[in-house]
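# Fold and geometry: a report
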Amino acid sequence: LPPLDMGSREPCVIAIDAATYNDCFAVVVATRHPAHADKAAIRLVKLWRPSEENTGVIDLNDPDRYVRWLCQGGCPNGHPRSKPMHNARDMFGNPLEDCPSCVEGDWSVPPLNVMEVAYDPYQMDAMAQDMVRDGIWGMDAFDQGTERLIADSNLYKLAMRLEVFHNGSPALREHIGNCKAKLQKDEESRMRIIKKGPAFKVDAAVAASMAVKRI
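Right, let's walk through the structure included here. (Residues numbered from 1 in each chain as written. Predicted model: local features only at pLDDT ≥ 70, side-chain atom pairs only at ≥ 80, totals over all residues. Heavy atoms only, no water.)

Between helix α1 (residues 61-72) and helix α3 (residues 121-133), whose axes approach to 12 Å, the crossing angle comes to 40°. In terms of axis orientation, α1 runs oblique to α3. Judged by the sense of rotation from one axis to the other, the crossing of α1 with α3 is right-handed. Facing α1, whose interface residues are Asp64, Val67 and Arg68, α3 presents Met127, Asp130 and Met131. The class makeup of the residues in the contact of α1 with α3 is 3 nonpolar, no polar and 3 charged. (Axes fitted to C-alpha atoms, helices over the stretch in contact; angles between N-to-C directions. Helix = DSSP H or I, 4+ residues; strand = E, 2+ residues; numbered from the N terminus. Parallel < 35°, antiparallel > 145°, perpendicular 65-115°, else oblique. Left-handed = near helix turned anticlockwise from the far one by under 90°. Contact = heavy atoms within 4.5 Å. Nonpolar A, V, L, I, M, F, W, Y, C, P; charged D, E, K, R; others polar.)

Listed below in structure tokens is the structure:
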């Protein structure tokens, strides 16, 4: 499937899986399939990986700006009007280069038609509260207990039946390949996506599970 272009009027759900130390941060956008309204379609996947220069930690301002940009629109360089790249600093307090479009107030890129932003409340509550205060509509905590178990099982079953569609993202393919299933005490309707090992990353798979469940 083609990616979802900014300004698209297709209703969508954004799901975000938060980063912790030395882990990834994933944003997944899902819609209904344009030709099959009863099927989910993963249309956009974006991943941030920790870098050695940041001591294994992701500067959360970067994915924060990206999610806001999807929800609000903003400048042509991917910065939202509620958090412009102007007089900004990085996670260590160092000044960042100004974006000329933000300085000029060029908010010409329209937003997606976002119905909901699903997030892990254990990792992302502070970020979600900031977004709500800045007018981001549709923030909705995704229960990481029962709802996650059902969502993960649902994604697995849809994939086995070839009933979930995607945009061919290499990051999603990598993270799905890093998964294994942890079954929940003989309950076929419930399983959890977990890593094959400590070094594997599965954040994009978890975000996809949440996005598909909510769409």
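There's plenty left to go through after this.
All right, on to the packing of aromatic side chains then. Scanning all chains against the criterion turns up 3 aromatic pairs. Judged by centre distance (5.9 Å) and plane angle (90°), the rings of phenylalanine 25 and tryptophan 48 are edge-to-face. Pair noted here: phenylalanine 25 is in strand β2 (residues 25-33) and tryptophan 48 is in strand β3 (residues 36-48), with a separation of 23 residues, a long-range link. In this pair, the class of phenylalanine 25 matches that of tryptophan 48, namely buried. Summarising the aromatic geometry, the rings of tyrosine 66 and tryptophan 69 are spaced 6.2 Å apart at their centres and angled 35° between planes, so their arrangement reads as tilted. Here tryptophan 69 and tyrosine 66 lie together in helix α1, a separation of 3 residues that amounts to about one turn. (Phe/Tyr/Trp six-rings, centres within 6.5 Å; stacked < 30°, edge-to-face > 60°. Buried < 20%, exposed > 50% of the residue type's maximum accessible area, 1.4 Å probe, protein only.)

We now examine the state of the cysteines. Taken as a whole, this structure holds 0 disulfides when the rule is applied. Distance from the sulfur of cysteine 71, which forms no disulfide, to the nearest cysteine sulfur (cysteine 12) is 7.8 Å. We note that cysteine 75 lacks a disulfide partner, and the nearest cysteine sulfur, in cysteine 99, lies 3.8 Å from it. Its relative accessible area of 0% is what places cysteine 75 among the buried residues. (Disulfide = S-S within 2.5 Å.)

Quick look at the pattern of salt bridges now. On inspection of all chains with the given rule, the structure shows 13 salt bridges. We note a salt bridge from arginine 214 to glutamate 116, for which the minimum N-O separation is 2.3 Å. On the criterion of sequence distance, the pair formed by arginine 214 in helix α6 (residues 203-214) and glutamate 116 in strand β4 (residues 113-119) is long-range, its members being 98 residues apart. Judged by its relative accessible area of 13%, glutamate 116 falls in the buried class. (Salt bridge = Lys/Arg side-chain N within 4 Å of Asp/Glu carboxyl O.)

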